[in-house]
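Residue strings, one per chain:
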Amino acid sequence: SVATMLSGKPPISHDSSSLMGTNALMKFRVISFFVYCIVRLLLRTIRLKVVGEERVSEFQRRGTGVIFVTWHGRILAPMRRFRNRGYWAIISTSRDGEYQDHIFRRFGWNSVRGSTSARGAVKAALTMARHLKEGATLAVTPDGPRGPAMKSRERRPEGRRRERMTSGSISS
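Residues numbered from 1 in each chain as written. Predicted model: local features only at pLDDT ≥ 70, side-chain atom pairs only at ≥ 80, totals over all residues. Heavy atoms only, no water.

**Q** Would you mind showing me how to read the overall build of the protein chain here?
**A** The helix and strand tally for the protein chain stands at seven helices and five strands. Burial analysis of the protein chain (172 residues in total) assigns 37% to the buried set. Nonlocal contacts in the protein chain, meaning residues at least 24 apart in sequence, comprise 64% of its contacts between residues at least 6 apart. (Helix = DSSP H or I, 4+ residues; strand = E, 2+ residues; numbered from the N terminus. Buried < 20%, exposed > 50% of the residue type's maximum accessible area, 1.4 Å probe, protein only. Contact = heavy atoms within 4.5 Å.)

**Q** Just to check I follow, could you spell out the packing of aromatic side chains for this structure?
**A** Each aromatic ring pair is specified by the distance between its two centres and by the angle formed by the two planes. Scanning the model with the defined rule gives eight aromatic pairs in all. Arranged with centres 5.5 Å apart and planes meeting at 70 degrees, the rings of phenylalanine 33 and phenylalanine 34 form a pair that is edge-to-face. Here phenylalanine 34 falls in the partly exposed class, since its relative accessible area comes to 49%. Seen from their ring centres, phenylalanine 68 and tyrosine 87 are 5.6 Å apart, and the 45 degrees between their planes marks the pair as tilted. Residue phenylalanine 68 is located in strand E2 (residues 66-69), and its partner tyrosine 87 is located in the loop between helix H4 (76-81) and strand E3 (88-91); the two are separated by 19 residues in the primary sequence. Per residue, the accessibility class of phenylalanine 68 equals that of tyrosine 87, and both read buried. Taken together, the ring pairs in this structure connect Phe68, Phe82, Tyr87, Phe104 and Trp109 into an aromatic cluster. A cation over a ring is seen here: arginine 106 above tyrosine 36, with NZ or CZ 5.6 Å from the ring centre. (Phe/Tyr/Trp six-rings, centres within 6.5 Å; stacked < 30°, edge-to-face > 60°. Lys NZ or Arg CZ within 6 Å of the ring centre and 35° of its normal.)

**Q** How should I be thinking about the pairing of strand E5 (residues 137-140) in this particular structure?
**A** Of the two faces of E5, the one lined by Thr137 and Ala139 and the one lined by Leu138 and Val140 are each fully buried. As paired strands, E2 and E5 are joined by four bridges and run parallel to one another. The residue of E5 that forms the bridge with valine 66 is threonine 137. (Pairing = 2+ DSSP bridges.)

**Q** In this structure, what is going on with the pattern of salt bridges? I would like to understand it.
**A** Two side chains with opposite charge may pair up if their charged atoms get near one another. Summed over the entire model, instances satisfying the criterion amount to seven salt bridges. With its nearest N and O atoms 3.3 Å apart, the salt bridge here joins glutamate 53 to arginine 85. One end of the pair, glutamate 53, is in helix H3 (residues 53-61); the other, arginine 85, is in the loop between H4 and E3, and 32 residues separate them in sequence. The exposure class assigned to arginine 85 is partly exposed, which follows from its relative accessible area of 37%. One salt bridge in this structure joins glutamate 58 and arginine 62, with 3.1 Å as the shortest N-O distance. Each of the salt bridges in this network shares a partner with another, and the network as a whole consists of Glu98, Asp101, Arg105 and Arg113. (Salt bridge = Lys/Arg side-chain N within 4 Å of Asp/Glu carboxyl O.)

**Q** For this particular structure, what's the right way to read unusual backbone geometry?
**A** The general pattern is negative phi for most residues beyond glycine and trans for most peptide bonds. Despite not being glycine, asparagine 84 has its phi angle at roughly 55 degrees, a positive value. Relative to the elements of secondary structure, asparagine 84 occurs in the loop between H4 and E3.

**Q** Would you explain the side chain of threonine 137 in this entry?
**A** With respect to the secondary-structure elements, threonine 137 resides in strand E5. For threonine 137, a relative accessible area of 5% corresponds to the buried category. A polar contact is formed between the side chain of threonine 137 and the side chain of glutamine 60, at a distance of 2.7 Å. Not counting the four nearest positions on each side in its chain, threonine 137 is found in contact with Gln60, Val66, Phe68, Tyr87 and Trp88. (Polar contact = N/O pair within 3.5 Å; in protein donor to acceptor, adjacent residues only side chain to side chain.)

**Q** What is the right way to look at the packing of helix H2 (residues 22-43) against helix H5 (residues 95-106) in this model?
**A** In a packed pair of helices, the relevant descriptors are the angle between the two axes and the axis-to-axis distance. Orientation of H2 relative to H5, taken along the N-to-C sense of each, is 60 degrees, at an axis distance of 9 Å. In terms of orientation, H2 and H5 fall into the oblique class. Where H2 crosses over H5, the two elements pack in a sense that is right-handed. Every residue of H5 that contacts H2 at Leu25, Lys27, Phe28, Arg29, Ile31, Ser32, Phe33, Val35 and Tyr36 is listed here: Arg95, Glu98, Tyr99, His102, Ile103 and Arg106. Each residue belonging to the contact of H2 with H5 can be placed in one class, and the counts come to eight nonpolar, two polar and five charged. (Axes fitted to C-alpha atoms, helices over the stretch in contact; angles between N-to-C directions. Parallel < 35°, antiparallel > 145°, perpendicular 65-115°, else oblique. Left-handed = near helix turned anticlockwise from the far one by under 90°. Nonpolar A, V, L, I, M, F, W, Y, C, P; charged D, E, K, R; others polar.)

Here you go:
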């Protein structure tokens, strides 16, 4: 049925959908479905070269957590390339993030909702750190939605906190 088709694949999402009314949620699902279809068509026209993917597989076989990093404006290609693998992405709690969450879940990603602002940042970071320690594969954008574009924010205070929480080093 159309309702089933629009419901998307909800692998796992720590989101705010349960706080929305039925009409608002249906609107997000319908619009997200159409964006998903457009993105799928668009991404079939590009070639993507992934460097070092064999190392990722090696870490995953050992049960070691992996962090994928891509620029904020370049998330579409990896979203499709690594679809249906149960990877985790941190997605903003904003209204735009709600659309993004629905689209990511259609591609088979899990999500943790949070943002670099005060809304859920600490909880999201702790959740992602827990998933990483359990051997999950995470995806992050070091430049964030507010920019500066394609410049790592990891040397700012929130980046240093992330390094301590994951017991790893993030280089830019």
